[in-house]
Amino acid sequence: MSKRWLTWLRLRLKGIEMNEISMETLQEWSKLGHRSTIGETLLLLGKENSNVYVTTADLTPTARLTNFLKAFPDRLFDVGIAEQNLIDFTAGLAKEGLLPFAVGLAAFVPMRCAEQMRINMGYMNLNAKVIGIEAGVRFGPLGNTHFAMDDIAVARAIPNMTVISPSDPRSIYKAVFAAAEYVGPVYMRLTGAPGFPILYPDDFDFQIGKAIECRSGRDVAIISTGSVLAEAIGAADILRSKGISARVVDMHTIKPLDTEMLDRVFAENRLVLTVEEHSIIGGLGGAVAEYKAGFDRSPKQLICGLGDSFRKVGSYEFQLQDNGLTASQLADLVVTNLS
Amino acid sequence: MSNRNSVEFIQKKALAMRRDCIEMGYAAGSHGAHFGPAMSCIEVVAGIFFSAMNHNPQDPFMPTRDRFVLSKGHACLAYYSALVEAGYFPRDLMRTFKGDNSFLSGHPSCHVKHGLEVASGSLGNGFAVACGMAKAAKVKGEGHYVYCVLGDGECDEGLIWEAAMNAVKNNLDNLIAVVDRNSFQLAGRTHEIMNLNLEAIWKAFGWEVRVVEDGNDVLSVITVLNEMRSATSGKPHLIIAKTVKGKGVSFMENNLAWHAAPMGKDKYEQAVADLAALEIEGN
């Protein structure tokens, strides 16, 4: 019996039906970006599980929750522009057995309400989920107040907190359903501009804490998290044309890290690149380096992400370029370091 | 647990709780304890546990139980002493207060089996969580109440007012909050640190507000607690209980030095003697 079928059966028995999403829907989500993906995914989850509630801090239209609100006017609670209360109110709902998903801007959640997440999600170990939309620098033109460069660092330092960063429309959908199934506090950061590509086939298996090997390769391992995975795969394609074999890993769960996958990477690859739309301090790169520190011998690691300075203002494309996160820049970095 | 206890019974419980507070705080040795803010709210907490609240120490997970959240978590001695007197955990565990690996930490952690619903002590947060718990009860159609005790200094926290707005928006009339108005906070008198007209502000936020002029008088406290429970305004309820910081121990009353301090043997003996005198007076 396949794992996927078992997962499906388990979800069915619990009253949660995880339908495969039609290609038309996914293409629509891809075109519209991660906000539409999360809004519509929560609507689908809400239809399957009547215990799912959504809380938000004035983001109903922004996070495309309007359809959820129409379908379930009694299951969406807007606390106003008040992120600290968003988390505590959500924790109170979870304490009493509801399954709440709090949706906020990743620039403000978890940074502004880090303490609420620490005490009332982590310490209380409550079954509450927090979704941070517009993580990273997609809000490039809006300036540094609206960049979320540090949300992984904040969230993963909290004991009990699971931290997830899905990479494409289909994995956002699967990650949300997986988070609903998982019992415990979860922070999920979402990246992916309008037009972010569909990277996975419909039958891929998404499990929290289980990284996905998108490409096998022996020379370099590019370990990525979030929608920048598309650039990592692009880099692997460029490298292949140069005769360099690149493994690509989607480390969609940053906490807990898939250390089995890392053990394989450290044993089999000569160079490791970690790639993320997050500060080079405290994110995926930091998490991998912390684990790697326990090895007597392990490959060199290059941490690719947002530099440790407040970033320039500019378009998303400019931001990726300015931070060295485009496929060609990543490929060049590998070539330089392998030669 | 019945909520038909007599005033005299609750007064005796309050005195026993004060003794428990002194025993626990003394046992903590050089770690010290927040005596003053616990002693001020003893009648409030006793009134909630032994008059207002529907609960059963033999069945701490009972779904229909009323919930209690001590948002001013530093006053945990008042909370722990109520739990001991109600029978949530054995009396001899009081000795472990602040000790190695004890569940009786210097601010409450979450152990529902011992009657500890919510981790608190980071001010503002317990109240905001209590609002979420009251909302969940409404959503689930459950009839239980959520009781929450706040500090007056705690009302400086912005989060209190984020949550206060939201409680009114959600018509949380199953939420009964009490501000322990002892008029002191860590660094001084509340009117010197941040001079808030709490009655006016809570009313302006849309809460049903009642002031208890003597929040250390059991009859006054339980009268208002029970009136709030039967109120039909549809609004969340806020009681401002004017209390005396350090109430019951002569050298602690209105003495900021006893907000939090370690207690030596001589002070312990004096505190015990003060409480014994109160008992004689009560009889």
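See the structure above.
Cut-off values and rules
- Residues numbered from 1 in each chain as written.
- Chains lettered and ligands numbered in written order.
- Predicted model: local features only at pLDDT ≥ 70, side-chain atom pairs only at ≥ 80, totals over all residues.
- Heavy atoms only, no water.
- Salt bridge = Lys/Arg side-chain N within 4 Å of Asp/Glu carboxyl O.
- Helix = DSSP H or I, 4+ residues; strand = E, 2+ residues; numbered from the N terminus.
- Buried < 20%, exposed > 50% of the residue type's maximum accessible area, 1.4 Å probe, protein only.
- Pairing = 2+ DSSP bridges.
- Right-handed = clockwise from strand over helix to strand, strands pointing away.
- Phe/Tyr/Trp six-rings, centres within 6.5 Å; stacked < 30°, edge-to-face > 60°.
- Axes fitted to C-alpha atoms, helices over the stretch in contact; angles between N-to-C directions.
- Contact = heavy atoms within 4.5 Å.
- Buried area = accessible area lost by both parts, 1.4 Å probe.

J.: Go over the pattern of salt bridges with me, naming the residues and quoting the values.
T.: Inspection of every chain in the model, using the stated rule, returns 31 salt bridges over all chains. Two residues, A:Asp237 and A:Arg215, come together in a salt bridge whose shortest N-O distance is 2.6 Å. Of the two residues, A:Asp237 sits in helix α9 (residues 229–241) while A:Arg215 sits in strand β7 (residues 212–215), which places them 22 residues apart along the sequence. B:Glu117 serves as the salt-bridge partner of B:Arg65, at 2.6 Å between the closest nitrogen and oxygen. Linking B:Arg65 in the loop between α3 (42–52) and β1 (67–70) with B:Glu117 in the loop between α4 (76–86) and α5 (125–139), this pair joins segments that are 52 residues apart in sequence. Pair check on accessibility: B:Arg65 and B:Glu117 agree, each one buried. Here the salt bridges share partners, and the residues they tie into one network are A:Glu213, A:Arg247, A:Arg264 and A:Glu268.

J.: Please set out α3(B) residue by residue, giving values where relevant.
T.: With 11 of 11 residues buried, α3(B) lies mostly within the body of the structure. Among the residues of α3(B), B:Ile42, B:Glu43, B:Val44, B:Val45, B:Ala46, B:Gly47, B:Ile48, B:Phe49, B:Phe50, B:Ser51 and B:Ala52 are the ones counted as buried.

J.: Kindly report on unusual backbone geometry, identifying the contributing residues and their values.
T.: Cis rather than trans, the peptide bond between A:Val109 and A:Pro110 has omega equal to 20°. In this structure, A:Pro110 sits in the loop between β3 (99–105) and α6 (114–123). The step from A:Lys255 to A:Pro256 runs through a cis peptide bond, and the omega angle for that step is 0°. Summarising the element assignment, A:Pro256 is placed in the loop between β10 (253–255) and α10 (259–268). Even without being a glycine, B:Asn171 presents a positive backbone phi close to 50°. Here B:Asn171 lies in the loop between α6 (158–169) and β3 (175–181). Using a relative accessible area of 45% as the deciding quantity, one classes B:Asn171 as partly exposed. Within the chain, B:Ser183 stands out as a residue other than glycine whose phi angle is a positive 65°.

J.: I'd love a proper account of the pairing of strand β8 (residues 220–224) of chain A, names of residues and values included.
T.: All names here are of chain A. Extensive coverage of β8 is indicated by the burial of 5 of its 5 residues. Residues Val220, Ile222 and Ser224 line one face of β8 and the alternating positions Ala221 and Ile223 line the opposite face, and both faces are buried. Where β8 lies against strand β9 (residues 246–250), 5 bridges are found, and the strand directions are parallel. Bridge pairing links valine 220 to alanine 246 in β9. The handedness of the β8 to β9 crossover, carried by α9, is right-handed. Sheet topology note: the β8/strand β11 (residues 271–279) ladder contains 5 bridges and is parallel. Across the sheet, valine 220 pairs through a bridge with leucine 271, a residue of β11.

J.: Quick one: what's the story with the packing of aromatic side chains, residue by residue and with numbers?
T.: All names here are of chain B. Summed over the entire model, instances satisfying the criterion amount to 24 aromatic pairs over all chains. A centroid spacing of 5.7 Å and a plane angle of 85° characterise the contact between phenylalanine 127 and tryptophan 202, whose relative ring orientation is edge-to-face. A residue pair is termed long-range when its members are at least 10 positions apart, and phenylalanine 127 in helix α5 and tryptophan 202 in helix α8 (residues 198–204) qualify at 75 residues. As far as burial versus exposure is concerned, phenylalanine 127 and tryptophan 202 are alike and both buried. Summarising the aromatic geometry, the rings of phenylalanine 127 and tryptophan 207 are spaced 5.7 Å apart at their centres and angled 40° between planes, so their arrangement reads as tilted.

J.: Go over the sheet that holds β1(B) with me, naming the residues and quoting the values.
T.: All names here are of chain B. In spatial order, the strands read β1-β2-β3-β7-β6; together these 5 strands make up an open sheet with parallel pairing. In the strand order of this sheet, the two ends are held by β1 and β6 (208–212), each with one partner. In this sheet, neighbouring strand axes are inclined to one another by 20° on average, regardless of whether the strands run parallel or antiparallel. Direction of pairing for β3 relative to strand β7 (residues 237–242): parallel, over a ladder of 6 bridges. Paired with valine 178 across the strands is isoleucine 239, a residue of β7. Strand contacts of helix α9 (residues 218–229): β2 (146–151), β3, β6 and β7, with the helix running at about 170° to β6, the strand carrying the most contacts.

J.: An account of the interface of chain A and chain B is needed here, citing residue identities and associated values.
T.: In this complex, chain A contributes 23 residues to the contact, which on the side of chain B involves 26 residues. Both faces considered, chain A and chain B share a buried interface measuring about 2,000 Å² in area, 57% of it formed by carbon and sulfur atoms. Between chain A and chain B we count 2 salt bridges in total. The salt bridge involving A:Lys95 is made with B:Glu117; its shortest N-O contact spans 2.7 Å. Of all the secondary structure elements, the ones that give two or more residues to the side of chain A that touches chain B are β2 (76–78), α5 (83–95) and α6 of chain A.

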